[in-house]
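What follows is the residue order along each chain.
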Number of protein chains: 2
Amino acid sequence: MELSCDPAALTPAAARAAIRRGEITGPTTGFCAGYAQGNLVVLPKALAWDFLLFCQRNPKACPLLEVADAGARTFAQFAPGSDIAADIPRYRVYEHGRLTAEPTDVTAYFDARQDLVSFLIGCSFSFESALLEAGIPVRQIEEGVNVPMYNTSIPCAPAGIFHGSMVVSMRPIPHRLVPAAVAVTAEMPRVHGMPIQIGFPEAIGIPDLARPDYGDPVTIREGEVPVFWPCGVTPQAAVMASRPSFCITHAPGHMFITDVTNAALKL
Amino acid sequence: MELSCDPAALTPAAARAAIRRGEITGPTTGFCAGYAQGNLVVLPKALAWDFLLFCQRNPKACPLLEVADAGARTFAQFAPGSDIAADIPRYRVYEHGRLTAEPTDVTAYFDARQDLVSFLIGCSFSFESALLEAGIPVRQIEEGVNVPMYNTSIPCAPAGIFHGSMVVSMRPIPHRLVPAAVAVTAEMPRVHGMPIQIGFPEAIGIPDLARPDYGDPVTIREGEVPVFWPCGVTPQAAVMASRPSFCITHAPGHMFITDVTNAALKL
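In this text, all values refer to a predicted model and were calculated from it rather than measured experimentally.

## Observations concerning the overall build of chain A
Reasoning step 1: A tally of helices and strands in chain A yields seven helices and eleven strands.
Reasoning step 2: Computed over the C-alpha atoms, the radius of gyration of chain A is 18 Å, within 12% of the 18 Å expected from 2.2 N^0.38 for a compact globule of 267 residues.
Reasoning step 3: Taken along the three principal axes of its C-alpha coordinates, chain A extends 55 × 50 × 35 Å.
Reasoning step 4: Counting across all 267 residues of chain A, residues that qualify as buried make up 52%.
Reasoning step 5: For chain A, the share of sequence-separated contacts (at least 6 apart) that also reach a separation of at least 24 residues comes to 77%.
Reasoning step 6: Just so you have it, chain A exposes about 10900 Å², and 55% of that area is on carbon and sulfur atoms.
Reasoning step 7: Taken as two groups, the 19 positive and 25 negative side-chain charges of chain A have centres that lie 4 Å from each other.

Shown next, in the form of structure tokens:
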């Protein structure tokens, strides 16, 4: 007998198992209510030191949750028993900076070499859930599109081969709720933390809010202020700009679901 | 003309310059009021990946503030213009796990090899200053001794050659001030954050508070509760246990003074 079930009500372990069996291949938005999801970046060990340093030096945009041992396929702290190579619904594989595959399982790549290091990076899903709980609207969820993201003029601290500018995401917030939006997200430094800019896109090199560099534009209503948060696309953009020999990431919106609650990320 | 001056009133850059000139060779307690001081660990590049992973996996005990490039001698984010090899009043040099020198300058060691990686790790001086400002007593400061520190049964997450248990520091807090002590330090995750235990030393494997493993015992008065925080000796103990071929640290209490305020560490 098959039970239909609400993805929000799944435990993280059950959701990962279903993904691993190939039963879920779409985005993980709304899965496992209350649990943190993360971005994945997988690099050969030879590039891992530079990338780990890059994240350490740019913690707002690249908040590292966990780094697996070289060759390991489990995030032991955030998801004991997980299989990094199979527990994400869809991956992207890059070779020499070029997208070469979008598989639902990357076991073969992990089997073919023992030097892959997996990085789990905090994701804005966690703070958006905190914003919604505080009664603060999240426009791109209302409009059913991807969050608008912009390249900025804010330089990242470089590390070895990795460098670039911060990418930010933007959410329009009613002006009376801006202090609350800052306070709620400031509590969550492991998932990007407080905004980096409020109300002055031109001050960070964004010429036109209607034309995001990634994602979709959203409506900014009368009385709303554009609020900008450091974005997890920053490390991905820095990696891609370096044209690494080999790299695996999650496909956008297809995240790694952890056993750690968003609330526990504040501790 | 020589001006006598209060060390608390020095700017960090002035204090580092005086240390670099050899005018200050003692502990930095009380220097540069309001500015964060940090622990130093210097390791050869070959050991640096494992150590960086160890810190990433044990952020409460090993809160990394900054990691310099291999061979670099400046903490560019926390102290632009600093000289890691000369700006600490006294260093300890270890070879194959044995203390071989306690110099006031380690320039010669940095000159002799280009592969040294310097790690700056958050220090409890920062949260003690926040406790004092909140009217919470800090006993070992009152008694003019070193803080008592204890090995515990709390395992650290291992990384490569580095493993061990968490070392904690203990401060006796009047019971009515315990909630405030938790709240004040919880705000500062980059300098160890909230306590790991309150009132039950036996629960974390500490048999006798009168016999600390490091530092000095302090008086616990009637109505006071022993409160335990993760301690920066944890990474040093893990490094020493691995008997690395080469390692430099600060001498206890002789810290690296940064240009970043304790208040800014909360952001």
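Now that the structure is up, let's keep going.
## Quick word on the pairing of strand 9 (residues 224-230) of chain A
Residues and elements named next belong to chain A.
Reasoning step 1: Burial of strand 9 is extensive: seven of the seven residues sit out of reach of the surface.
Reasoning step 2: In strand 9, alternate side chains face the same way, and those of Glu224, Pro226, Phe228 and Pro230 on one face and Val225, Val227 and Trp229 on the other are all buried.
Reasoning step 3: Pairing between strand 8 (residues 197-198) and strand 9: two bridges, direction antiparallel. From the neighbouring strand, Gln197 faces strand 9, where its bridge partner is Phe228.

## Comments concerning the relation of the copies chain A and chain B
Reasoning step 1: Mapping chain A onto chain B calls for a screw motion: a turn of 180° about the axis and a shift of 0.0 Å along it, with 0.0 Å RMSD after fitting. Between the two chains, the operation in question is that of a two-fold axis. Scanning chain A for the C-alpha nearest the rotation axis identifies A:Trp49, at a separation of 3.2 Å.
Reasoning step 2: Here 100% of the interface residues in chain A have copies in chain B that are interface residues too; the copies meet face to matching face.

## Overview of the interface of chain A and chain B
Reasoning step 1: Taken together, the contact pairs 20 residues of chain A with 20 residues of chain B.
Reasoning step 2: For the pairing of chain A and chain B, the buried interface totals around 1800 Å² over both sides, and the portion due to carbon and sulfur atoms is 58%.
Reasoning step 3: When residues of chain A are sorted by the area they lose upon contact with chain B, A:Trp49, A:Gln56 and A:Arg57 head the list and together hold 37% of the total.
Reasoning step 4: Counting across the chain A and chain B interface gives two salt bridges.
Reasoning step 5: Across the pair B:Asp69 and A:Arg57 runs a salt bridge, and its minimum N-O distance is 3.0 Å.

## Remarks on the environment of A:Asp259
Residue and element names in this part refer to chain A.
Reasoning step 1: Here Asp259 is to be found in strand 11 (residues 256-261).
Reasoning step 2: When the C-alpha atoms of Asp259 and Ala108 are compared, they prove to be 25 Å apart, with 151 residues separating the residues in sequence.
Reasoning step 3: Those residues in contact with Asp259, other than ones at most four positions away along the chain, are Pro12, Ala13, Arg16, Tyr35, Phe78, Ala79 and Pro80.
Reasoning step 4: A polar contact of 2.8 Å, which involves the side chain of Asp259, links it to the side chain of Arg16.

## Quick notes on the nonpolar core
Reasoning step 1: Residues A:Trp49, A:Phe51, A:Phe119, B:Trp49, B:Phe51 and B:Phe119 are the most contacted members of the largest nonpolar core, which totals 66 residues.
Reasoning step 2: Beyond its immediate chain neighbours, meaning those up to four positions away, A:Phe119 contacts A:Asn39, A:Leu40, A:Val41, A:Ala48, A:Phe51, A:Leu52, A:Leu64, A:Glu66, A:Val67, A:Phe75 and B:Trp49.

## Here's the deal with the sheet that holds strand 9 (residues 224-230) of chain B
All names here are of chain B.
Reasoning step 1: A sheet is described by the order of its strands in space; here four strands give the open sequence 6-7-9-8, paired in antiparallel fashion. With one partner strand each, in any of the chains shown, strand 6 (149-155) and strand 8 (197-198) form the two edges of the open sheet.
Reasoning step 2: Looking at chain direction, strand 6 and strand 7 (residues 165-174) are connected through four bridges and run antiparallel. If you follow Tyr150 over to strand 7, its bridge partner there is Val168.
Reasoning step 3: Packed on one face of the sheet, helix 6 (residues 178-186) meets strand 7, strand 8 and strand 9 and runs near 15° to strand 9.

## Things to note about the packing of aromatic side chains
Centre distance and the angle of the planes are the two values used to describe a pair of aromatic rings.
Residue and element names in this part refer to chain A.
Reasoning step 1: Inspection of every chain in the model, using the stated rule, returns 14 aromatic pairs over all chains.
Reasoning step 2: Pairing Phe51 with Phe162 gives two aromatic rings, centres 5.6 Å apart and planes at 75°, and the pair type is edge-to-face. On the criterion of sequence distance, the pair formed by Phe51 in helix 2 (residues 45-57) and Phe162 in the loop between strand 6 (149-155) and strand 7 (165-174) is long-range, its members being 111 residues apart.
Reasoning step 3: You can call Phe51 buried: its relative accessible area is 0%.
Reasoning step 4: Residue Phe162 is classed as buried on the basis of its relative accessible area, which comes to 0%.
Reasoning step 5: Aromatic ring contacts, followed pair by pair, group Phe51, Phe54, Phe119 and Phe162 into a single cluster.

## A short note on the sheet that holds strand 9 of chain A
Residue and element names in this part refer to chain A.
Reasoning step 1: On the basis of which strands lie adjacent, the open sheet formed by four strands has the order 6-7-9-8 and antiparallel pairing. The sheet terminates laterally at strand 6 and strand 8, the two strands that pair on one side only.
Reasoning step 2: With seven bridges connecting them, strand 7 and strand 9 associate as antiparallel partners. The partner of Pro174 across the bridge, within strand 9, is Glu224.

## Looking at the confidence of the model for chain A
Residue and element names in this part refer to chain A.
Reasoning step 1: Of all residues in chain A, 99% attain a pLDDT of 70 or more, and the chain-wide mean is 94.
Reasoning step 2: No element of chain A has a lower mean pLDDT than helix 4 (residues 125-133), which averages 91, and none a higher one than strand 9, which averages 98.
Reasoning step 3: Interface confidence in the predicted complex, given as ipTM, is 0.87; pTM for the same model is 0.91.

## Brief notes about the state of the cysteines
Residues and elements named next belong to chain B.
Reasoning step 1: Evaluated as defined, the whole model comprises zero disulfides over all chains.
Reasoning step 2: Of all cysteine sulfurs, the one in Cys62 lies closest to Cys156, which takes part in no disulfide; the gap is 6.0 Å.
Reasoning step 3: When its relative accessible area of 9% is taken as the criterion, Cys156 is described as buried.

## Points about unusual backbone geometry
Residues and elements named next belong to chain B.
Reasoning step 1: Of note, Cys32 is a non-glycine position whose phi angle comes to about 50°, a positive value.
Reasoning step 2: Its place among the elements puts Cys32 in the loop between helix 1 (12-20) and strand 1 (35-44).
Reasoning step 3: If you check the backbone angles, His192 has positive phi at about 85° while not being a glycine.
Reasoning step 4: Along the polypeptide, His192 turns up in the loop between helix 6 and strand 8.

## Description of helix 2 of chain A
Residues and elements named next belong to chain A.
Reasoning step 1: Taking 1.5 Å per residue, 13 residues should reach 18 Å; helix 2 reaches 19 Å between its end C-alpha atoms and fits that length.
Reasoning step 2: With eleven of 13 residues buried, helix 2 is to be regarded as a mostly interior element.
Reasoning step 3: Those residues of helix 2 not exposed but buried are Leu47, Ala48, Trp49, Asp50, Phe51, Leu52, Leu53, Phe54, Cys55, Gln56 and Arg57.

The rules we used
Residues take numbers from 1 onward in each chain, read along the sequence in its written order. By the order in which they are written, chains take letters starting at A while ligands take numbers starting at 1. Thresholds applied to this predicted model are a pLDDT of at least 70 for local features of residues and 80 or more for the giving and counting of side-chain atom pairs; totals over whole chains, interfaces and linings are not thresholded and use all residues. The side-chain figures draw on all heavy atoms in the structure; neither hydrogens nor water molecules are used. Here a strand is any run of E in DSSP of at least two residues, a helix any run of H or I of at least four, and the numbering for each starts at the N terminus. When we talk radius of gyration, it's over C-alpha atoms, and the globule rule is simply 2.2 Å times the number of residues to the 0.38. Each residue's exposure class comes from its accessible area (1.4 Å probe, protein chains only) as a fraction of the maximum for that residue type: buried when under 20%, exposed when over 50%, partly exposed otherwise. Contacts are assigned to residue pairs with any non-hydrogen atoms lying within 4.5 Å of each other. To be clear on the numbers: accessible area is Shrake-Rupley with a 1.4 Å probe, and residue cover counts the displayed protein chains and nothing else. When charges are counted, Lys and Arg contribute as positive and Asp and Glu as negative, whereas His and the chain ends are disregarded. Charged groups are reduced to one reference atom each: NZ for lysine, CZ for arginine, CG for aspartic acid, CD for glutamic acid. At least two bridges found by DSSP between two strands is the condition for calling them paired. When the copies are superposed, the least-squares fit takes in the C-alpha atoms of residues with a pLDDT of at least 70 in both. Accessible surface is computed with a 1.4 Å probe, and the buried area is the amount of it that two parts give up when combined, taken over both parts together. Just to be clear on terms, a salt bridge is a Lys or Arg side-chain nitrogen sitting within 4 Å of an Asp or Glu carboxyl oxygen. Polar contacts, as used here, are pairs of N or O atoms within 3.5 Å; protein pairs need one atom able to donate a hydrogen and one able to accept it. Residues neighboring in sequence count only if both atoms are side-chain atoms. To define a nonpolar core, start from buried Ala, Val, Leu, Ile, Met, Phe, Trp, Tyr and Cys residues and group those joined through side-chain atoms within 4.5 Å. Axes here refer to lines fitted to C-alpha atoms; in helices the fit is confined to the stretch in contact. Angles between the N-to-C directions go from 0 to 180 degrees. Only the six-membered ring of Trp is used, alongside the rings of Phe and Tyr, when aromatic pairs are assigned; centres must lie within 6.5 Å, and planes under 30 degrees apart are stacked while those over 60 apart are edge-to-face, with the rest tilted. pLDDT expresses how confident the predictor is about each individual residue, on a scale running from 0 to 100. Count a disulfide wherever a pair of cysteine sulfur atoms falls within 2.5 Å. Between the first and last residue of a helix there are one fewer steps than residues, each counted as 1.5 Å, and that sum is the expected span.

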